[in-house]
Structures are given as C-alpha cells and as structure tokens.
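These are the residues of each chain, in order.
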Amino acid sequence: MGSRTGVVAVGGSAGGIEALLDLVAALPAEFPAPVLVTVHVGDRVRSSLPQILSRAALLPATHARHGEPLRPGHIYVAPPDLHLLVGDGRARLSSGPRVNRHRPAVDAMFASTARWAGPATVAVVLSGLLDDGAVGAALVARAGGHVIVQDPAEASFDSMPRSALLAVPAARVVATADLGKAICEQLERSLPADDPHEGEAEVPQMSMADSDDPAFLTPDEARLTRLSCPECNGGLAEIEISDIRYYRCHVGHQYSPQSLEAAQREAAEAKLWAAAAALEEHAALARHLANGPLVANGTDYHQAADQSADAAKTLRSRLGGSASRDSA
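Here the structure is a predicted model, which is why all the values come from computation and not from measurement.

What counts, and at which threshold
- Note that residues are indexed from 1 along each chain, following the sequence as it is written.
- With pLDDT at 70 or above as the cut-off, local features in this predicted model cover only qualifying residues; side-chain atom pairs require 80 or more to be listed or tallied, and sums for whole chains, interfaces and linings still use all residues.
- The side-chain figures draw on all heavy atoms in the structure; neither hydrogens nor water molecules are used.
- By definition, any uninterrupted DSSP run of H or I lasting at least four residues is a helix, any uninterrupted run of E lasting at least two residues is a strand, and each is numbered from the N terminus.
- For every residue, the accessible area obtained with a 1.4 Å probe (protein chains only) is divided by the maximum for its type, and the residue is called buried under 20%, exposed over 50%, and partly exposed between those limits.
- Definition of nonpolar core: a set of buried residues of the types Ala, Val, Leu, Ile, Met, Phe, Trp, Tyr and Cys, connected through side-chain atoms within 4.5 Å.
- The contact definition used throughout considers only heavy atoms, calling two residues in contact when any of these lie within 4.5 Å.
- What pLDDT conveys is the predictor's confidence in a given residue, as a value from 0 to 100.
- At least two bridges found by DSSP between two strands are what make those strands a pair.
- To estimate the expected span of a helix, count its residues, drop one, and scale the result by 1.5 Å.
- In this description, one arc is meant: the one made by directions from the helix axis to the C-beta atoms.
- Whenever a helix is involved, its axis is fitted only over the stretch in contact; in every case the axis is a line through C-alpha atoms, and angles between N-to-C directions fall within 0 to 180 degrees.
- An angle below 35 degrees is read as roughly parallel, one above 145 as roughly antiparallel, one from 65 to 115 as roughly perpendicular, and any other as oblique.
- The hand of a helix crossing depends on one turn: near helix anticlockwise from the far one by less than a right angle means left-handed, and clockwise means right-handed.
- By the convention adopted, Pro, Cys, Tyr, Trp, Phe, Met, Ile, Leu, Val and Ala count as nonpolar, Lys, Arg, Asp and Glu as charged, and the other residues, Gly among them, as polar.

Peer 1: Please set out unusual backbone geometry residue by residue, giving values where relevant.
Peer 2: In this chain, Arg 103 is followed by Pro 104 through a cis amide linkage whose omega measures 10°. Looking at where Pro 104 falls in the secondary structure, it is placed in the loop between β6 (90–94) and α3 (106–117). Its identity as a non-glycine residue notwithstanding, Asp 88 has a phi of 55°, on the positive side. Considering the arrangement of structural elements, one finds Asp 88 in the loop between β5 (83–87) and β6. A relative accessible area of 47% means that Asp 88 is categorised as partly exposed. Positive phi, close to 60°, is recorded for Leu 130, a residue that is not glycine.

If you want it as structure tokens, here you go:
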C-alpha cells in the first residue's frame, strides 16, 4: 500500500447483495482505493459474485488471489471458505478458524484492514443477520479509521447495521442510494499524506502451545471464562473494546455476543439430538438382550429399555420432533 492510498472494506450478509450492487455502481472509474468485499457465502464451491459486481460497476471485480498487490480501482471479493485479509498491501487468503461461524467473515477482514491501513481504512457495514462486523468496526474506529453503516431502516435485515452502530456510535449512517458517494467523500477527507503502516511487519503472537501457563491469555484478552467454544470445545477468553465484548478460543475461533449465542444454541441442539439417538439405540439393544437366549431374566433389561425410550421421547418432544415416524 503506497502513499495517498486508502482501503475500503465492505461487509454484508443476508440482504446485502442489493445494497452492494448500488454501492459499487456509484463508484467512479478512477476510484482511488482498492475495495475489499466479504459477503457470507459459506463453503459453496462456486461463487459468481465478482461477475455480478463487474456487470454493475465501472470497476473490475475478481476473487482475491493470495499475495496479489491491492490496486486502486479494483474490487477484491473474498472467495468461498477463505478469509480475505490484508498484509503489507497485499491480499492474504486464510483458511484459519471461523469467525462468528463464518469463513469468510467480515470481522476478520475489518480487523486485518485496520491493522495495516489504520486511519486510511473506510469500513462499510451492509444488511445482514446477527453481529458479524461489529467487533471489526470497533477495531477500525480504534485505529483511527472510519465506519459507514447502511441505514438500518433501509436494510433487508438490520441486525448487522444496528450491531455496528452499538459498537461504533459515531459511525456515519447513510441511505443505501448514497453509500458510494459517502465512501468517495470520506476517502477524499481522510487519505493520509503517507501510508502510516508502510514498512511495518506484523509481530507474531505466542500461542498456547508455546506457553507453560494453563490460564494462557494473549495480550488483548482480559480474562478466561467458563464458556467453551461451540466449535472445538476450547476455553473462551473475553476481549473488550470500548463498550463491546467478544470471545475467542486459543486456536482462534472468535464470536461476537449474538453469534456466540446462536452457535451455542445450535451446538446444544446437536448434542440433544445425539443424546436422543443414543437413548433410542440403547433401548433397542436392551430389548434385544432381554429377548435373547443368553439372559435368564430379562426384566432389568426391559426396564432399562423403557427408561431410555421414555427419555428419548421426551427429548424429541422438547426438540419439536415426533416420537413416531408415521408421518414420514
């Protein structure tokens, strides 16, 4: 990233494509900064988003390639199942831990851009569910960058914009039709004379594997909690930025509060269904033993089978499933 070059990072989820198309269509052909885009696309094998954006914009759009220099006037889209990061003015693609249950994740892109571009960062939060982007927006603001939020009243799903505003109350709220214009105005006002991070290298952090402390924390982590990571079951540490808290396990899975609650709910449901399956299997096995030739008195096995079957039916009822398969 050279002198007089900002970085625009745009993130969205459900309902964000429509706003993204309006945004890129309003950017001029001589746009003075690279544009990074992360939209929650999951791990689908193919994504046609760059082609869709290229048809709507005057700027070319491609999936980012690992190590390619970031050029002004180009749109770089995070490929499916890879985080889009920035390092030394180049695109970095990572298959690292999911953030807020997503890869690519908006928070990962915002945080990386804030580290490298600092006050030359313009982060834009579009329509989406839950709160991915809120922590990254707070990190952009802390680095001196600028946060623009699609007007929640116009967003198809207002959770991401509203969460970003809670994290960065000073963020600029902009109508969907004016997002491109607002980005251009912000870049014109905020471009530094020189790249504030030019020549800096990222300092690697110690990992838990290098530590002799079972209560290991990285420098930005405030305290350990009794919560476990829904994805890997590692212990979660709490991190605080201004008025927002978020959570990270030692291998790197990271969650904003709403995303953590949703992940815990999904993990709990999966464990309950696994328990129902185990109980039904035990009931069948216990009845098999009770009726088999090697058991003199199968009463105990019948009782155990009935107990497991009743517990499985109760779990199914609580989970909204049916204890019978008559409707299947």
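After presenting the structure, the write-up continues.
Peer 1: Describe the nonpolar core, and please don't skip the residues or the numbers.
Peer 2: Leu 36, Leu 84, Phe 110, Val 147, Val 168, Ile 241 and Ile 244 are the most contacted members of the largest nonpolar core, which totals 38 residues. Filtering out sequence-adjacent residues up to four positions away, Val 168 remains in contact with Ala 137, Ala 138, Ala 141 and Val 147.

Peer 1: Quick one: what's the story with the confidence of the model for the protein, residue by residue and with numbers?
Peer 2: Detailed reading of the predicted model is not advised wherever pLDDT is low. Counting all residues, the mean pLDDT for the protein is 90, and 90% of those residues have values of 70 or more. Low pLDDT, under 50, characterises residues 322–328; the stretch is placed with five contacts to residues that sit more than four places away or in other chains.

Peer 1: Give me the lowdown on the pairing of β5, citing residues and values where you can.
Peer 2: Extensive coverage of β5 is indicated by the burial of five of its five residues. Side-chain alternation along β5 places His 83, Leu 85 and Gly 87 on one buried face and Leu 84 and Val 86 on a second face that is also buried. In this structure, β5 lies alongside β6, joined through five bridges in antiparallel fashion. Residue pairing across strands places Val 86 opposite Ala 91, the latter belonging to β6. Between β5 and the antiparallel strand that follows it, β6, lie two residues; Asp 88 among them carries a positive phi value of about 55°.

Peer 1: Please provide a residue-by-residue account of helix α6 (residues 179–190), values included.
Peer 2: Under the 1.5 Å per step criterion, the end-to-end length of α6 is 16 Å for twelve residues, consistent within 8% with the ideal 16 Å. Those residues of α6 that fall on the buried side of the exposure criterion are Leu 179, Gly 180, Ala 182, Ile 183, Gln 186, Leu 187 and Ser 190. Looking straight down α6, one finds that the buried residues subtend no more than 160° of arc, so they occupy a single side. In α6, those exposed residues whose orientation departs by more than 90 degrees from the buried face are Lys 181, Glu 188 and Arg 189. Of the surrounding secondary structure, the elements contacted by the buried residues of α6 are β1 (7–12), α1 (16–25), β7 (121–125), β8 (146–150) and β9 (172–174).

Peer 1: I'd like a rundown of the environment of Arg 162, residues and numbers included.
Peer 2: As for its placement among the helices and strands, Arg 162 is situated in helix α5 (residues 159–167). Linking Arg 162 and Ser 127, residues 35 residues apart in sequence, is a C-alpha distance of 9.3 Å.

Peer 1: If you had to explain the sheet that holds strand β10 (residues 223–228) to someone new, which residues and values would you point to?
Peer 2: The strand order across the open sheet built from four strands is β10-β11-β12-β13, with neighbouring strands paired in antiparallel fashion. Looking along the sheet, the strands with just one partner apiece sit at the ends: β10 and β13 (254–255).

Peer 1: I'd like to hear about the environment of Leu 23, residue by residue, with values.
Peer 2: Among the secondary structure elements, Leu 23 is positioned in helix α1. A residue is classified by how much of its surface remains accessible, and Leu 23, at 1% relative accessible area, is buried. As for Leu 23 and Asp 178, which are separated by 155 residues in sequence, their C-alpha atoms are 7.7 Å apart. Ignoring sequence-local partners within four residues, the contact set of Leu 23 consists of Val 10, Val 124, Leu 126, Leu 179, Gly 180 and Ile 183.

Peer 1: Let's hear about the side chain of Asp 107: which residues, and what values?
Peer 2: Take Asp 107: it is sitting in helix α3. Setting aside anything within four residues of it in sequence, one finds Asp 107 in contact with Val 99, Asn 100, Asp 132, Gly 133, Ala 134, Val 135, Gly 136, Gln 254 and Ser 256.

Peer 1: Account for helix α2 (residues 49–56), naming residues and giving values.
Peer 2: Of all the positions in α2, only Leu 49, Pro 50 and Leu 53 are classed as buried. Relative to the axis of α2, the buried residues are bounded by an arc of 95° and lie together on one face. Contacts from the buried residues of α2 go to α1, β2 (35–39), β3 (61–63) and β4 (75–77).

Peer 1: Could you give me a rundown of the pairing of strand β12 (residues 244–249), with the residues and numbers involved?
Peer 2: Of all six residues in β12, five are buried, a share of seventy percent or more. Both strand β11 (residues 235–241) and β12 contribute to a ladder of six bridges, which runs antiparallel. Paired with Glu 240 across the two strands is Arg 245, which belongs to β12. Following β11, the chain reverses through two residues before pairing antiparallel with β12; Ser 242 in that reversal takes a positive phi of roughly 55°. Pairing geometry for β12 and β13, over two bridges, is antiparallel.

Peer 1: Any chance you could break down the packing of α1 against α2 for me, citing the residues and the numbers?
Peer 2: At their nearest, the axes of α1 and α2 sit 8 Å apart, and the two run at 45° to each other. Judged by the angle between their axes, α1 and α2 are oblique. Where α1 crosses over α2, the handedness of that crossing is right-handed. Residue-level contacts link Ile 17, Leu 20, Leu 21, Val 24 and Ala 25 of α1 to Leu 49, Ile 52, Leu 53 and Ala 56 of α2. For the contact of α1 with α2, a count of residues per class yields nine nonpolar, no polar and no charged.

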